[in-house]
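# A closer look at the structure
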Amino acid sequence: MKTAWILIPFALALSACAQPSSNATIPAMTADQCQFVDWREAGWRDGAAGLTQSAFDERAAICRASGVTLDDSAYFEGRVAGLQAYCAPTNGYRLGVEGAAHTNVCPPGLREEFLAEFDRGRSDRAQAGAGEWQRTIGVNTRIGVGTSGRRSGVGISIGL
């Protein structure tokens, strides 16, 4: 039981960090990190986060200045795959309901349905604010402590 009291502040700190961000930011990169970048993975992450090409341009400038050769084609292959996740209609709806902005990065063929669901989410958000109920998105934190014979465990579950 003593362990549970120690973990409560930890779980609360984690739940505070888990708030969704509506505006994606460009991850910082140092010149030393340029040597070890998996450009395909970086492209996927940027695409899935809805970042614009300026994310690549900014990192590319840092890496080129430090003499590192970039794998542009791997980055953009990963980015295209990541955009499939970002531009999914369900993500468009989620962004709309949250009141977040979208970054207008979805390519034709994905853009139309993404924007339709984004607008539907915005509409649902507006209706929820005018009605008797309000849709909320929050963080739930659960801590469990249990014993079973000789074994004991502590679990932390954070849901968005």
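Keep in mind that this is a model prediction, so the values were computed, not measured.

### Notes on the state of the cysteines
Using the criterion set out here, one finds two disulfides in the structure. The disulfide partner of C34 is C63, and the S-S distance across this bridge is 2.0 Å. The sign of the -85° torsion about the S-S bond sets the C34-C63 disulfide as left-handed. Placement of the pair is C34 in the loop between α1 (2–17) and α2 (39–48) and C63 in helix α3 (residues 54–65), with a sequence separation of 29 residues. Classification of C63 by relative accessible area gives buried; the value is 0%. C87 shares a disulfide with C106; S-S distance 2.2 Å. Since a negative S-S torsion denotes a left-handed disulfide, the C87-C106 link at about -105° is left-handed. Of this pair, C87 sits in the loop between α4 (72–86) and α5 (89–98) while C106 sits in the loop between α5 and α6 (111–130), placing them 19 residues apart in sequence. When its relative accessible area of 4% is taken as the criterion, C106 is described as buried.

About the criteria used
Residues numbered from 1 in each chain as written. Predicted model: local features only at pLDDT ≥ 70, side-chain atom pairs only at ≥ 80, totals over all residues. Heavy atoms only, no water. Disulfide = S-S within 2.5 Å. Helix = DSSP H or I, 4+ residues; strand = E, 2+ residues; numbered from the N terminus. Buried < 20%, exposed > 50% of the residue type's maximum accessible area, 1.4 Å probe, protein only.

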